[in-house]
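What follows is the residue order along each chain.
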Amino acid sequence: MDSTDSLNPNRALTDTRFSDLKPPLSRPVLDALTQAGFHHCTPVQATTIPLLCGYKDVAVDAATGSGKTLAFVVPLVEILRRSSSPPKPLQVMGIIISPTRELSSQIYSVAQPFIATLSNFKSVLLVGGVDVKADLKRIEEEGANLLIGTPGRLFDIMERLDILDFRNLEVTDPIS
Ligand SMILES: Nc1ncnc2c1ncn2[C@@H]1O[C@H](COP(=O)(O)OP(=O)(O)OP(=O)(O)O)[C@@H](O)[C@H]1O
């Protein structure tokens, strides 16, 4: 944490520990949070993580630095952990879209320790400024279960790579 972080008023912590949340987070995710030095939730995390873990649709508008990244990465990984078997290499289980390369890279880095708790699960960063052919080759060779990137590159990859299986993302329940 740098000196500006400790002065960041948007990141005030609540009394709620990650280990207090209901439904409870899994042990590997709690361990990854502890390892990263995160013990108490920010307000946006305390509010949204339980809702998302309960499969609610959530839209959040919160200040910069308020901890939104973990607020969606933690429930995403929790939900992925509920799957009884690891996905096939080209089975896409989730997509995180963000407007800039920098934000996508930041989300990708923050997500890694949590993604690492999933077995046989591959996340890929897909942003402009990198040779698209290299992205395609990497996906074909290593697989892609979670796509994190910017809209242009994600769309490009989806158009070019029909071997990716998006069927798991289809909405099966009407939103009420
Ligand atoms: N529960 C927590 N405890 C301590 N630090 C935290 C916690 N959650 C997030 N942080 C830290 O707060 C900082 C801001 O978090 P984050 O980048 O997720 O905010 P954000 O709301 O997504 O901001 P932005 O809108 O700029 O993307 C990061 O340095 C992150 O490591």
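You'll find the protein chain entered in an unreviewed UniProt entry as ATP-dependent RNA helicase, with Turnera subulata given as the organism. Taken from UniProt, the Catalytic activity (unreviewed entry) comment for the protein chain reads in full: "ATP + H2O = ADP + phosphate + H(+)". Per UniProt, the protein chain has the following entry under Sequence similarities (unreviewed entry): "Belongs to the DEAD box helicase family."

Student: Explain the confidence of the model for the protein chain here, please?
Tutor: For any part of a model where pLDDT is low, the fine detail of the predicted coordinates should not be relied upon. On average, residues of the protein chain carry a pLDDT of 91, and 90% of them reach 70 or more. On the interface metric, ipTM, the complex scores 0.95, and its pTM is 0.90.

Student: Looking at this structure, I do not really get the nonpolar core. What am I missing?
Tutor: Phe18, Leu25, Leu33, Val74 and Phe114 are the most contacted members of the largest nonpolar core, which totals 25 residues. Elements supplying a minimum of two residues to this core: α2 (27-35), α3 (43-53), α4 (68-81), α5 (101-115) and β3 (146-149). A total of 5 residues in this core trace back to one element, the largest contributor, which is α4. Of all hydrophobic cores here, the second largest spans 12 residues; its members include Leu126, Leu136, Ala144 and Leu147.

Student: What is the right way to read the packing of α3 against α4 from this model?
Tutor: When two helices pack together, their arrangement is given by the angle between the helix axes and by the axis-to-axis distance. Relative orientation of the contacting elements α3 and α4 amounts to 25°, with a least axis distance of 9 Å. When the axes of α3 and α4 are compared, the pair comes out roughly parallel. Crossing hand, α3 versus α4: right-handed. Contacts between α3 and α4 involve Val44, Gln45, Thr48, Ile49, Leu52 and Cys53 from the former and Lys68, Leu70, Ala71, Phe72, Val74, Pro75, Glu78 and Ile79 from the latter.

Student: How should I be thinking about the side chain of Asp135 in this particular structure?
Tutor: For Asp135, the position within the fold is in helix α6 (residues 132-142). Setting aside chain neighbours within four positions, we find Asp135 in contact with Leu125, Leu126, Val127, Val130, Arg153 and Ile157.

Student: It is not clear to me how helix α7 (residues 151-160) should be interpreted in this structure. Could you clarify?
Tutor: Along an α-helix, a turn takes 3.6 residues, which lines up residues three or four apart on a common side. Considered for burial, the residues of α7 that qualify are Arg153, Leu154 and Ile157. Down the axis of α7, the buried side of the element spans an arc of 100°, and every buried residue falls inside it. Facing away from the buried surface of α7 by more than 90 degrees, the exposed residues are Gly152, Phe155 and Glu159. On its buried side, α7 packs onto β1 (94-97), β2 (123-126), α6 and β3.

Student: Explain the sheet that holds β3 here, please?
Tutor: Strand pairing in a sheet relies on backbone hydrogen bonds, with the paired strands running either antiparallel or parallel. One open sheet holds the 3 strands; their spatial order is β1-β3-β2, and the pairing between them is parallel. The outermost strands of the open sheet, each flanked by one partner alone, are β1 and β2. Between one strand axis and the next, the sheet turns through 15° on average, direction left out of account. Bridge count for β1 against β3 is 4 bridges, and the pairing is parallel. Residue pairing across strands places Ile96 opposite Ile148, the latter belonging to β3.

Analysis parameters
Residues numbered from 1 in each chain as written. Predicted model: local features only at pLDDT ≥ 70, side-chain atom pairs only at ≥ 80, totals over all residues. Heavy atoms only, no water. UniProt positions renumbered as here; feature names shortened; annotations may be inferred. pLDDT = per-residue confidence, 0-100. Core = buried A, V, L, I, M, F, W, Y, C linked by side-chain atoms within 4.5 Å. Buried < 20%, exposed > 50% of the residue type's maximum accessible area, 1.4 Å probe, protein only. Helix = DSSP H or I, 4+ residues; strand = E, 2+ residues; numbered from the N terminus. Axes fitted to C-alpha atoms, helices over the stretch in contact; angles between N-to-C directions. Parallel < 35°, antiparallel > 145°, perpendicular 65-115°, else oblique. Left-handed = near helix turned anticlockwise from the far one by under 90°. Contact = heavy atoms within 4.5 Å. Arc of directions from axis to C-beta. Pairing = 2+ DSSP bridges.

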